[in-house]
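Structural features, examined
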Amino acid sequence: MSTRKPATIAVRTGIESDTQHHAVVPPIYLSTNYGFPAFGDVPKYDYTRSGNPNRGLLEQTLYELESGKGAIITNCGTSALNLWVTTFLGPDDLIVAPHDCYGGTYRLFNTRAQKGDFKVLFVDQSDPQALAEALEKKPKLVLIETPSNPLVRVVDIEDVCQQAHQVDALVAVDNTFLTPVFQKPLDLGADFVIHSTTKYINGHSDVIGGVVITKSEQHAEELAWWGNCIGATGTPFDSYMTLRGLRTLGARMKVHEESSAQILQYLKSHATVGTIYHPSLPEHPGHQIAIKQQSGFGSMLSFEFAGNFEQLKTFVGALKLFSLAESLGGVESLICHPASMTHRAMGETALAAAGVTQQLLRLSVGLEDVQDLIADLEQAFKLALEEN
Ligand SMILES: *Cc1c(COP(=O)(O)O)cnc(C)c1O
């Protein structure tokens with residue numbers, strides 16, 4: 001089983017498992033409760049907050065994809081992160097998180113730390129000195145997010161895990177941007193993988209969800225206990241929908257990647273494009289680490305628009321096949337202006353420190369025909385440049 005490739009695991013898990021009607025695709029179980037076969041005979045599922053067949057099947061598919069031992073599906077990616085820190089941290093415990101982590105993760109950890117629930121330190125994990133100093137404080141947990149958003153910075157997972165384990169910290173990798181098709185953090189030494197399944201895992205921009213995947217059964221049990229205790233678990237319908245989206249993960253990631261490579265080629269040749277941020281580019285600071293730990297470069301990329309700000313607005317407004325929207329990883333292509341959208345809450349100083357300029361645009365390359373996507377970019381650049 002474990003030698004199967006991701007595309008096969010994603011498609012086959014649970015197929016033909018229905019013993020009642022032999023449905024090829026497993027049915028959806030919306031019932032909130034399940035009968036006890038006999039007095040005192042506790043069934044596998046009794047109440048949906050604690051367990052449900054559709055959620056269970058999605059969990060199994062995801063932990064097999066990540067080569068883990070267990071998983072807990074939550075109602076969103078943020079609650080997966082919240083479940084993880086709730087399970088493992090007390091008031092005296094420290095978590096070390098990336099300085100450029102997802103905005104919602106920053107807000108969650110910061111707010112809960114201010115309430116005294118635990119301590120948090122945000123550090124640049126690609127700075128060996130800063131990382132070493134943070135680890136000297138003996139954190140209980142370390143969160144890695146690679147590639148980061150929106151500048152797709154890359155962190156060496158194996159290296160950070162080794163250093164963190166020397167001080168007995170447990171490490172989770174937020175693998176939302178690459179999925180197990182392109183990156184397997186547990187194989188690189190991590191103890192947990194976290195996803196916002198809202199993005200590539202579901203892949204169709206129509207379900208919010210999350211997951212914590214564990215390397216050990218013991219950690220999975222602890223997380224499942226807390227997931228039930230605080231009511232963080234996902235619904236049967238969302239689990240069914242997410243597994244339906246996940247079925248095509250292998251095929252989707254391939255096309256996302258191929259189209260991104262062609263769009264990068266096009267952008268490189270365009271005079272109105274400044275610095276491009278993508279780990280596939282040899283000049284990207286994380287290029288060598290990406291080659292070492294990733295089996296694909298992913299389809300999130302950013303670039304500096306090299307015209308004036310009015311031209312940038314015309315460009316974005318003229319695009320017909322890139323929707324101006326937040327989020328990422330769906331079949332539809334998106335464009336985002338991080339400074340006024342996903343990262344606007346950071347404020348000007350923090351934006352500047354993170355390298356997010358007003359000229360920065362982020363693309364989530366979708367599954368439309370890539371020639372159509374390039375033609376769309378081309379007509380929008382033309383229109384923008386007609387202005388002065
Ligand atoms: C979207 C996202 C999250 C949060 O997930 P939600 O499903 O929106 O709660 C966490 N990490 C990363 C990297 C994300 O992109």
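The rules behind the values
Residues numbered from 1 in each chain as written. Predicted model: local features only at pLDDT ≥ 70, side-chain atom pairs only at ≥ 80, totals over all residues. Heavy atoms only, no water. UniProt positions renumbered as here; feature names shortened; annotations may be inferred. Helix = DSSP H or I, 4+ residues; strand = E, 2+ residues; numbered from the N terminus. Rg over C-alpha atoms; globule rule 2.2 N^0.38 Å. Buried < 20%, exposed > 50% of the residue type's maximum accessible area, 1.4 Å probe, protein only. Contact = heavy atoms within 4.5 Å. Areas by Shrake-Rupley, 256 points an atom, 1.4 Å probe, with all protein chains shown as cover. Lys, Arg positive; Asp, Glu negative; His and termini not counted. Charge placed at Lys NZ, Arg CZ, Asp CG, Glu CD. Domains from an automatic or database assignment. Buried area = accessible area lost by both parts, 1.4 Å probe. Salt bridge = Lys/Arg side-chain N within 4 Å of Asp/Glu carboxyl O. Polar contact = N/O pair within 3.5 Å; in protein donor to acceptor, adjacent residues only side chain to side chain. Nonpolar A, V, L, I, M, F, W, Y, C, P; charged D, E, K, R; others polar. Patch = residues over 30% accessible without salt bridge, like charges linked within 9 Å, V, L, I, M, F, W, Y side chains within 5 Å. Core = buried A, V, L, I, M, F, W, Y, C linked by side-chain atoms within 4.5 Å. 1 Å grid on protein atoms, 1.4 Å probe; cavity = no way out; pocket = protein on both sides within 12 Å on 5 of 7 lines; lining within 4 Å. Points joined across faces, edges and corners; volume = space filled by probe spheres on them.

- As annotated in an unreviewed UniProt entry, the protein chain carries the name O-succinylhomoserine (Thiol)-lyase and comes from Vibrio marinisediminis.
- On record in UniProt, under Cofactor (unreviewed entry), the comment for the protein chain is "pyridoxal 5'-phosphate".
- Quoted verbatim from the Sequence similarities (unreviewed entry) heading of the UniProt record, the comment on the protein chain is "Belongs to the trans-sulfuration enzymes family."

**Regarding the overall build of the protein chain**
- Along its length, the protein chain carries 14 helices and 12 strands.
- Against the compact-globule benchmark of 21 Å for 388 residues, the protein chain has a radius of gyration of 22 Å, which places it among compact chains.
- Taken along the three principal axes of its C-alpha coordinates, the protein chain extends 80 × 55 × 35 Å.
- Counting every position in the protein chain, which comprises 388 residues, the buried fraction comes to 54%.
- Considering only contacts in the protein chain between residues 6 or more positions apart, those separated by 24 or more positions represent 72%.
- A total accessible area of about 17300 Å² is found for the protein chain, and carbon and sulfur atoms account for 54% of it.
- Taken as two groups, the 29 positive and 43 negative side-chain charges of the protein chain have centres that lie 3 Å from each other.

**Some thoughts on the domain arrangement of the protein chain**
- Segmentation of the protein chain into domains returns domain 1 (6-246) and domain 2 (250-385).
- Computed over C-alpha atoms, the centres of domain 1 and domain 2 are 27 Å apart.
- Tallying the contact residues gives 29 residues for domain 1 and 36 residues for domain 2.
- At the boundary of domain 1 with domain 2, total buried surface from both sides reaches about 2700 Å², with 59% on carbon and sulfur atoms.
- Between the two partners, domain 1 and domain 2, sit 1 salt bridge.
- The interface formed by domain 1 and domain 2 holds 16 residue pairs in polar contact (both at pLDDT 80 or more) in total.
- Secondary structure elements with two or more residues in the side of domain 1 that touches domain 2: helix 6 (157-166), helix 7 (179-182) and helix 9 (236-246).
- The biggest single contributor to the side of domain 1 that touches domain 2 is helix 7, with 3 residues.
- Residue composition of the side of domain 1 that touches domain 2, grouped by class: 16 nonpolar, 9 polar and 4 charged.

**Points about a nonpolar patch on the surface**
- On the surface, Ile28, Leu30 and Phe237 cluster together to form a nonpolar patch covering roughly 280 Å² of accessible area.
- One can find Ile28 in the loop between helix 1 (6-12) and helix 2 (53-65).
- Judged by relative accessible area, which is 32%, Ile28 ranks as partly exposed.

**Examining the nonpolar core**
- Ranked by size, the top nonpolar core spans 51 residues in total, and within it Leu62, Val142, Ile144, Ile213 and Leu246 carry the most contacts.
- Here this core spans two domains, since at least three of its residues come from each of domain 1 (6-246) and domain 2 (250-385).
- One finds Ile263, Leu264, Leu281 and Leu361 within the second-largest nonpolar core, a separate group that totals 27 residues.

**A closer look at the layout of surface pockets**
- Size it by volume and the largest pocket reaches roughly 1000 Å³.
- In this structure, the largest pocket is lined by 44 residues; those nearest its centre are Tyr102, Gly103, Gly104, Thr105 and Thr342.
- Counting only elements with at least two residues in the lining of the largest pocket, the list comes to helix 3 (77-88), helix 4 (103-114), strand 6 (192-196) and helix 13 (348-354).
- When residues of the lining of the largest pocket are assigned to their parent elements, the largest contribution, 5 residues, is made by helix 4.
- Partitioning the lining of the largest pocket into residue classes produces 19 nonpolar, 16 polar and 9 charged.
- When residues of the lining of the largest pocket are sorted by domain, at least three fall in each of domain 1 (6-246) and domain 2 (250-385).
- Taken as a whole, the second largest pocket encloses approximately 630 Å³ of empty space.
- Lining the second largest pocket are 30 residues, and of these Lys44, Tyr45, Asn52, Gly56 and Glu59 sit closest to its centre.
- Only helix 2, strand 1 (70-74) and helix 8 (217-230) provide two or more residues apiece to the lining of the second largest pocket.

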